[in-house]
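Observations on chain architecture
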Amino acid sequence: MIYLLVHHEVADYPNWKAKFDSSLDWRTKNGERNCRIFRGVQNPNELTLMFEWENVEKARAFIASDEFKARMASAGVKSTPRVEYLTEMFSIRRSAAD
């Protein structure tokens, strides 16, 4: 499992979210396993997405694809996405008992 952090700004969040939601099958077919979306506190059109992807090869191919770039433009992404590829080293879960 590989993690991707994708940072970018969109012109209009509701429009972007509708396009994002409609592409779930396409992303899943290309290796996405899970996604979390974060919005900026100061600018709610600034987004950070944290994806779990099947493997790094599929993730890199997806990000480099012309279809990805076209879909991003169509969804109103204003900035060039900054993409980081990460692997999880360990996880700490906190509970009320800690």
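Above this text sits the structure in question.
These remarks concern the structure in this document.

So, how was this worked out
- Residues numbered from 1 in each chain as written.
- Predicted model: local features only at pLDDT ≥ 70, side-chain atom pairs only at ≥ 80, totals over all residues.
- Heavy atoms only, no water.
- Helix = DSSP H or I, 4+ residues; strand = E, 2+ residues; numbered from the N terminus.
- Buried < 20%, exposed > 50% of the residue type's maximum accessible area, 1.4 Å probe, protein only.
- Polar contact = N/O pair within 3.5 Å; in protein donor to acceptor, adjacent residues only side chain to side chain.
- Contact = heavy atoms within 4.5 Å.
- Core = buried A, V, L, I, M, F, W, Y, C linked by side-chain atoms within 4.5 Å.
- Pairing = 2+ DSSP bridges.
- Axes fitted to C-alpha atoms, helices over the stretch in contact; angles between N-to-C directions.
- Phe/Tyr/Trp six-rings, centres within 6.5 Å; stacked < 30°, edge-to-face > 60°.

Looking now at the side chain of His 7. Along the chain, His 7 falls in strand 1 (residues 2-9). According to the relative accessible area criterion, His 7 is buried, its value standing at 17%. Engagement of the side chain of His 7 in a polar contact is seen with the side chain of Glu 84, the distance being 3.3 Å. If we ignore the near neighbours within four places in the chain, the residues touching His 7 are Leu 47, Thr 48, Thr 80, Pro 81, Arg 82 and Glu 84.

For the rest of this paragraph, the subject is the nonpolar core. Membership of the largest hydrophobic core comes to 19 residues, with the highest contact counts inside it found for Leu 4, Trp 16, Leu 49, Phe 51 and Trp 53. Breaking this core down by element, the ones donating at least two residues are strand 1, helix 1 (13-22), strand 3 (46-53), helix 3 (56-64) and helix 4 (66-74). The greatest single-element share of this core, amounting to four residues, is contributed by strand 3.

Moving on: the sheet that holds strand 2 (residues 32-39). Picture the strands of a sheet paired through backbone hydrogen bonds; they go either parallel or antiparallel. With antiparallel pairing, four strands are arranged side by side in an open sheet as 2-3-1-4. Edge positions in the sheet fall to strand 2 and strand 4 (82-86), since each has one partner strand and no second. Each strand axis lies, on average, 15 degrees off the axis of its neighbour in the sheet, ignoring direction. Sheet analysis places strand 2 next to strand 3, joined by seven bridges and oriented antiparallel. Directly across from Cys 35, in strand 3, lies its bridge partner Phe 51. Each of strand 1, strand 2 and strand 3 touches helix 1; the most contacted strand, strand 2, lies at about 175 degrees to it.

So, about the packing of aromatic side chains. With the rule as written, the count across this model stands at seven aromatic pairs. Consider the rings of Trp 16 and Phe 20, whose centres lie 4.8 Å apart with planes at 20 degrees: the pair is stacked. Of this pair, Trp 16 and Phe 20 both sit in helix 1, four residues apart, which is roughly one turn of the helix. Looking at Trp 16, the relative accessible area reads 3%, which means it is buried. Residue classification places Phe 20 among the buried residues on the basis of a relative accessible area of 11%.

Functional significance is not addressed by these values, which are geometric in nature.
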